[in-house]
Amino acid sequence: MDVAAPDFFDSPANCAGPRFLGTASNAPVPPAVGAGTRNAIAGARSGAGAATMQKCRGLLELGNSVLESCGSFFDPAMLAQLDAALAHEFAAQARARADDAAGELDSAIRGGRSAETLAALSERLSAAKSAASKAEARFAQATDVIAPLGGNPTSAGFDAVAVGQISAATLIDVIDKLETAKNAMAAAQAHAQTLFVASQRLSQAQVGVPKERIGKGIAHQVALARHESPHRGRQLCELAEVLVRELPCSMDAFSRGSLNEFRARIVATETVFLSFEDRARVDRCISGDVGAVELMGTRELRAAARKAAYQLDPEAFVKRGQKAVGDRYVSLRPAADGMTFLTALIPLKQGVRILNTLTKVAQSARAAGDERSKGQVMADALMHRLIQHAACDDGAGTISDHRGAPAPGADGAGGGWPGAVREPWCTAVREPEIALELVMTDRSLFGSDNEPAVLVGYEPIPAPTARDMILQPDTAADGFSPRVWLKRLFTHPDSNALLAMDSRARVFPEGMKEFIRLRDQRCQTLYCDAPIREFDHIKSYAAGGPTTTENGQGLCTDCNQAKEAPGWQFQRGTGPAGEGWATETTTPTGRRYVSVAPPLPGSPGRNPGRSKKRRC
């Protein structure tokens, strides 16, 4: 983690203590207090320390009470009752299908239907009876575990009254409230860590520890208390120092439960290079509105913090990006089942091109009949490009071969893996087929405006970096220089919402998909920052919803599948103050959420992250 807290834990080079919000970075550190001064301070403020300790004791009692409540909350018998009720429902449906099949067969016999029809209906009845028998057996197994767990099975096999008393809305409220309380407790933990570190530093000074050694072992104590490694404990202490001392608005949102520890770290990390004054401005901009920051997704929060930091100090932001290139690396760490995680930290432009190339390879292979999954093909293509391997016309025959295994019969003996491509192919993809989809204003492209650009599906990037991508493309070793295609997008002059796109871009329906992808940028489910994979009707086509951009939205595969579950409702809405394209979602428990498409570059002076998404 790269946060602005000085690395004074176990480090003699930064022993002067942490920085404080509103002070200069070179401000002198007060000298250690003597015994007389300590007594005077103790006499003057004897009540403050006692009050703090009283709060600590209150938190300890609360923690014990919460632990007791949480430990006794789960009722395995109630879960078994719900499982049995579900198994009973499946069994009843299976019996109904068997009865229907029996009725159809009986009607066919009385009607003198053909032997082929009777045979088909008889086979269907046999399958339905078999399925019903299996469902009944699973229901019996589900009811057998209720009594051993302390439940009270009835003649129906489960307690229907108890099952009917379970409220999904109440349970979702509990989940929501516990999440908020968990975040608030983490904030109190951060406060306690900061107090602990300060008190330990003072105690070390009082017992005569040399100045250059003050801080040793403090983070290790925190790590042990939090069941973490020393390295992780050190990171947690540094984060707590930054939040408590330098980011008061984020700390307030953290204490209210609106931010979790991970998202609070994002704000700290993305403002590391700013001055104290600019960091405070970003803090107020991002976390000053607790309600707004609570509804921001992780990627949206990071993008908003980066954008605000860039607008305050573009030069420092660009310099940071240039310096970050020197931090690029490749690492390997073990995974389960003999696998490994290969991780690379590389510049954004190259990373996007690599991912798009691998995606194109996977799409081409799948279209050619390769039965490997998209992820498998991408991984195989990456290995093929990086590992010294046999010639592309040699070495086929295994499922891990970069071309896929030979198709059945390709070796003349009927062997091979089903569905694999017959002709050997390499992973080469021509660069002109790779699109970055960079959205920026004409002023930033052709002028000197520094409005950040949007790399669709990723995050805002500085205008100079975007101009370099377009006006100074990399040249490959063979002298190839990719072409740049410009496309006009028309936005609303006030809200900056995407209104239309150059009609010459593509033909329907791909042009409409591209419009929606550029407008929504990411999955439009609230809190979901996944890339757009599918396009769906807000009002379903079966219910009369038209196939228009107004009734379309971009979703990830998982969210698009989830909305098909019973009880979900969707309708087109408007964002706060009528801004932007919005989708209103009503969950099965009755909660309503509004998700607004993010603005494109050229937004007229709004705070980043404000009024983008809200919960009703």
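If you're wondering where the values come from, they're calculated on a predicted model, not measured in any experiment.

Scoring rules and cut-offs
- Residues numbered from 1 in each chain as written.
- Predicted model: local features only at pLDDT ≥ 70, side-chain atom pairs only at ≥ 80, totals over all residues.
- Heavy atoms only, no water.
- Helix = DSSP H or I, 4+ residues; strand = E, 2+ residues; numbered from the N terminus.
- Buried < 20%, exposed > 50% of the residue type's maximum accessible area, 1.4 Å probe, protein only.
- Contact = heavy atoms within 4.5 Å.
- Areas by Shrake-Rupley, 256 points an atom, 1.4 Å probe, with all protein chains shown as cover.
- Axes fitted to C-alpha atoms, helices over the stretch in contact; angles between N-to-C directions.
- Parallel < 35°, antiparallel > 145°, perpendicular 65-115°, else oblique.
- Salt bridge = Lys/Arg side-chain N within 4 Å of Asp/Glu carboxyl O.
- Nonpolar A, V, L, I, M, F, W, Y, C, P; charged D, E, K, R; others polar.
- Pairing = 2+ DSSP bridges.
- Core = buried A, V, L, I, M, F, W, Y, C linked by side-chain atoms within 4.5 Å.
- Patch = residues over 30% accessible without salt bridge, like charges linked within 9 Å, V, L, I, M, F, W, Y side chains within 5 Å.
- Polar contact = N/O pair within 3.5 Å; in protein donor to acceptor, adjacent residues only side chain to side chain.
- Phe/Tyr/Trp six-rings, centres within 6.5 Å; stacked < 30°, edge-to-face > 60°.
- Lys NZ or Arg CZ within 6 Å of the ring centre and 35° of its normal.

1. As for the overall build of the chain
Then, number 1: What the chain contains, in helices and strands, is 20 helices and 13 strands.
Then, number 2: In the chain, buried positions account for 35% of the 616 residues.
Then, number 3: Residue pairs in contact within the chain that sit at least 24 positions apart in sequence constitute 57% of those at least 6 positions apart.
Then, number 4: Accessible surface computed for the chain: about 34,400 Å², of which carbon and sulfur atoms make up 56%.

2. Some points on the packing of helix α6 (residues 168-206) against helix α8 (residues 230-246)
Then, number 1: As a packed pair, α6 and α8 sit with axes 9 Å apart at the nearest point and diverge in direction by 100°. By the angle between their axes, α6 is roughly perpendicular relative to α8. From α6, A190, H191, Q193, T194, V197 and A198 reach across to α8, where they touch L236, C237, A240, E241, V244 and R245.

3. Observations regarding the pattern of salt bridges
Pairs can form between side chains of opposite charge once their charged atoms are near each other.
Then, number 1: Counted under the stated rule, the structure contains 20 salt bridges.
Then, number 2: A salt bridge links E315 to K319, with the shortest nitrogen-to-oxygen separation between them at 3.2 Å. With E315 and K319 both in helix α14 (residues 314-325), this residue pair falls 4 residues apart, about one helical turn.
Then, number 3: Classification of E315 as exposed rests on a relative accessible area of 54%.
Then, number 4: Put simply, R372 and D380 hold a salt bridge, and the shortest N to O gap is 2.6 Å. A single burial state applies to R372 and to D380, both of which are buried.
Then, number 5: Salt bridges linked by common partners bring E270, R302, R306 and R320 together as one network.

4. A few points about the packing of helix α9 (residues 248-255) against helix α11 (residues 276-287)
Then, number 1: Relative orientation of the contacting elements α9 and α11 amounts to 35°, with a least axis distance of 7 Å. Touching P248, C249 and S250 of α9 are D283, R284 and S287, all from α11.
Then, number 2: The class makeup of the residues in the contact of α9 with α11 is 2 nonpolar, 2 polar and 2 charged.

5. Let's talk about the pairing of strand β2 (residues 340-345)
Then, number 1: As judged from the 6 bridges shared by strand β1 (residues 329-334) and β2, these two strands associate in the antiparallel manner. Counted as the bridge partner of L332 is L342 from β2.
Then, number 2: Connecting the antiparallel pair β1 and β2 is a turn made up of 5 residues, with D337 showing a positive phi of about 60°.

6. Digging into the sheet that holds strand β5 (residues 460-461)
Then, number 1: Reading across from one edge, β3-β4-β5 is the order of the 3 strands in this open sheet, with antiparallel pairing throughout. Of all strands in the sheet, those with a lone pairing partner are β3 (438-439) and β5, marking the two edges.
Then, number 2: Relative to β5, strand β4 (residues 453-455) is paired through 2 bridges, and the arrangement is antiparallel. Its bridge partner lying in β5, A453 is registered against I461.

7. Some points on the side chain of Q204
Then, number 1: In this structure, Q204 sits in helix α6.
Then, number 2: Sequence-distant contacts of Q204, defined by excluding residues within four places in its chain, comprise V209, R213, I214, G215, K216 and I218.

8. Remarks on the nonpolar core
Then, number 1: With 31 residues, the main nonpolar core has L243, F254, I286, V293 and L301 as its most contacted residues.
Then, number 2: Taken together, the elements giving at least two residues each to this core come down to α6, α8, α9, α10 (261-270), α11, α12 (290-294), α13 (298-312) and α14.
Then, number 3: Considering every element that reaches this core, the biggest residue donor is α13, with 5 residues.
Then, number 4: The residues touching L243, leaving out its near neighbours within four places in the chain, are P248, S250, M251, F254 and A264.
Then, number 5: A84, A98, F139 and A142 belong to the second largest nonpolar core, which has 22 residues in total.

9. So, a nonpolar patch on the surface
Then, number 1: Together, F73, F74, L79, L82, I166, L171, V174 and L178 make up a nonpolar patch on the protein surface, roughly 710 Å² of accessible area in all.
Then, number 2: Contributing elements (two or more residues each) for the nonpolar patch: α3 (76-110) and α6.
Then, number 3: The leading source of residues in the nonpolar patch is α6, at 3 residues.
Then, number 4: With respect to the element layout, L79 can be found in helix α3.
Then, number 5: Taking relative accessible area as the criterion, L79 reaches 41% and is therefore assigned partly exposed.

10. With respect to the environment of Q204
Then, number 1: With relative accessibility at 14%, the residue Q204 sits in the buried group.
Then, number 2: Spatially, the C-alpha atom of Q204 lies 9.1 Å from that of K216, the residues being 12 residues apart in sequence.
Then, number 3: At a separation of 2.7 Å, a polar atom in the side chain of Q204 contacts the main-chain amide nitrogen of G215.

11. Quick notes on the packing of aromatic side chains
Then, number 1: Within this structure, the stated rule accounts for 3 aromatic pairs.
Then, number 2: Taken together, a centroid distance of 5.8 Å and an interplanar angle of 75° make the contact between F273 and F317 edge-to-face. With a gap of 44 residues between them, F273 in the loop between α10 and α11 and F317 in helix α14 connect regions that are remote in the sequence. Pair check on accessibility: F273 and F317 agree, each one buried.
Then, number 3: With 6.3 Å between their ring centres and 10° between their planes, W568 and F570 make a pair best called stacked.
Then, number 4: Given a relative accessible area of 34%, W568 falls into the partly exposed group.
Then, number 5: Among the aromatic side chains, those forming a connected cluster through ring pairs are F273, Y310 and F317.
Then, number 6: Sitting over the ring of F341, R333 keeps its end group 4.5 Å from the ring centre.

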